[in-house]
Amino acid sequence: MTETLCTSGAVKLKAGENAKELTADQYTELINQAEGFISVAGRYDFVTNYGGISEIGKELLKDTASSHAAISVINHDMSGFTSRVESQVMLDINYSKIVDNITFLRDDKFKQFIIKGEVE
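Residues numbered from 1 in each chain as written. Predicted model: local features only at pLDDT ≥ 70, side-chain atom pairs only at ≥ 80, totals over all residues. Heavy atoms only, no water.

Chemist: Please explain the overall build of the chain as it appears in this structure.
Modeler: A count of helices and strands for the chain gives five helices and zero strands. Along its sequence from the N terminus, the chain presents helices and strands in the succession α-α-α-α-α. A compact globule built from 120 residues should have a C-alpha radius of gyration of about 14 Å, and the chain, at 14 Å, falls within 12% of that. In terms of overall dimensions, the chain has a C-alpha envelope of 50 × 25 × 20 Å along the principal axes. Relative to its 120 residues, the chain shows a buried fraction of 42%. Taking as baseline every contact in the chain between residues at least 6 positions apart, the subset at least 24 positions apart corresponds to 72%. Of the roughly 6,600 Å² of accessible surface on the chain, a fraction of 55% belongs to carbon and sulfur atoms. Separation of charge centres in the chain, based on 12 positive and 18 negative side chains, amounts to 3 Å. (Helix = DSSP H or I, 4+ residues; strand = E, 2+ residues; numbered from the N terminus. Rg over C-alpha atoms; globule rule 2.2 N^0.38 Å. Buried < 20%, exposed > 50% of the residue type's maximum accessible area, 1.4 Å probe, protein only. Contact = heavy atoms within 4.5 Å. Areas by Shrake-Rupley, 256 points an atom, 1.4 Å probe, with all protein chains shown as cover. Lys, Arg positive; Asp, Glu negative; His and termini not counted. Charge placed at Lys NZ, Arg CZ, Asp CG, Glu CD.)

What follows is the structure, encoded as structure tokens:
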């Protein structure tokens, strides 16, 4: 599969400069897993229907997917971080973004706004 909801660059940014670098295929795998999680949690196939999603909705999906994948990158190898506290803070920030965004995706009015850019 290809990366749809975010790029590896967005994941690297959220994982932080001390995260270990992965291969392109590894980033793609983690992004694809994040995309599956987002679609299941939102009960809508955001990947297949990506072209019809509002521009602002795409930004929320990018935020969610990159945070989800960044958590996996950080967990993959924490040895590059200066301390466990540093890596835990990075995990906590990304996790908080996922929880907040999934709350929106599960609410039908917010989901409609994400998809169409408006609420009817």
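And the narrative resumes.
Chemist: What is the right way to read the packing of helix H2 (residues 24-42) against helix H3 (residues 55-76) from this model?
Modeler: Two numbers describe how H2 lies on H3: the axes approach to 8 Å, and their chain directions differ by 125 degrees. The angle between the axes of H2 and H3 places the two elements in the oblique class. Taken as a pair, H2 and H3 cross one another with a handedness that is right-handed. Residue-level contacts link Tyr27, Leu30, Ile31, Gln33, Ala34, Phe37 and Ile38 of H2 to Leu61, Thr64, Ala65, His68, Ala69, Ser72 and Val73 of H3. In the contact of H2 with H3, the residues fall into 10 nonpolar, four polar and no charged. (Axes fitted to C-alpha atoms, helices over the stretch in contact; angles between N-to-C directions. Parallel < 35°, antiparallel > 145°, perpendicular 65-115°, else oblique. Left-handed = near helix turned anticlockwise from the far one by under 90°. Nonpolar A, V, L, I, M, F, W, Y, C, P; charged D, E, K, R; others polar.)

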